[in-house]
Amino acid sequence: MTAASKALFYKQLKYVPIPFIFFAIGHYFDQQEVYRMSGLKDKTALYRREVAPGESPTW
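Residues numbered from 1 in each chain as written. Predicted model: local features only at pLDDT ≥ 70, side-chain atom pairs only at ≥ 80, totals over all residues. Heavy atoms only, no water.

## Details of the overall build of the protein chain
Stage number 1. In terms of regular secondary structure, the protein chain is built from 2 helices and 0 strands.
Stage number 2. As displayed, the protein chain offers around 5,700 Å² of accessible surface, 68% of which is attributable to carbon and sulfur atoms. (Helix = DSSP H or I, 4+ residues; strand = E, 2+ residues; numbered from the N terminus. Areas by Shrake-Rupley, 256 points an atom, 1.4 Å probe, with all protein chains shown as cover.)

If you want it as structure tokens, here you go:
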């Protein structure tokens, strides 16, 4: 490996963590959306019904 190719390798190495950072941010936002939507279980107009005490949600 020449010095120039080694320098190029280390210059490009700084871009490796970028996809992992965006994955972590996307995962965080997805979990927040799931948390927000979980409050709407069994409350849609199509499937509206009273849930008995102790009964688990439909989904």
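Read on for the rest.
## Focus on the packing of aromatic side chains
Stage number 1. Scanning the model with the defined rule gives 2 aromatic pairs in all.
Stage number 2. An angle of 70° between the planes, with centres 5.3 Å apart, marks the rings of phenylalanine 9 and tyrosine 10 as edge-to-face. (Phe/Tyr/Trp six-rings, centres within 6.5 Å; stacked < 30°, edge-to-face > 60°.)

## Focus on a nonpolar patch on the surface
Stage number 1. Taken together, the side chains of Tyr15, Ile18, Ile21, Phe22, Ile25, Tyr28 and Phe29 present a nonpolar region at the surface, about 770 Å² in accessible area.
Stage number 2. Residue position: tyrosine 15 is located in the loop between helix H1 (3–13) and helix H2 (17–37). (Patch = residues over 30% accessible without salt bridge, like charges linked within 9 Å, V, L, I, M, F, W, Y side chains within 5 Å. Salt bridge = Lys/Arg side-chain N within 4 Å of Asp/Glu carboxyl O.)

## Topic: the pattern of salt bridges
Stage number 1. As enumerated under the stated definition, the model contains 1 salt bridge in all.
Stage number 2. The shortest N-O distance in the salt bridge between arginine 36 and glutamate 33 comes to 2.8 Å. In this pair, arginine 36 and glutamate 33 both sit in helix H2, 3 residues apart, roughly one turn of the helix.
Stage number 3. Judged by its relative accessible area of 52%, arginine 36 is exposed. (Buried < 20%, exposed > 50% of the residue type's maximum accessible area, 1.4 Å probe, protein only.)

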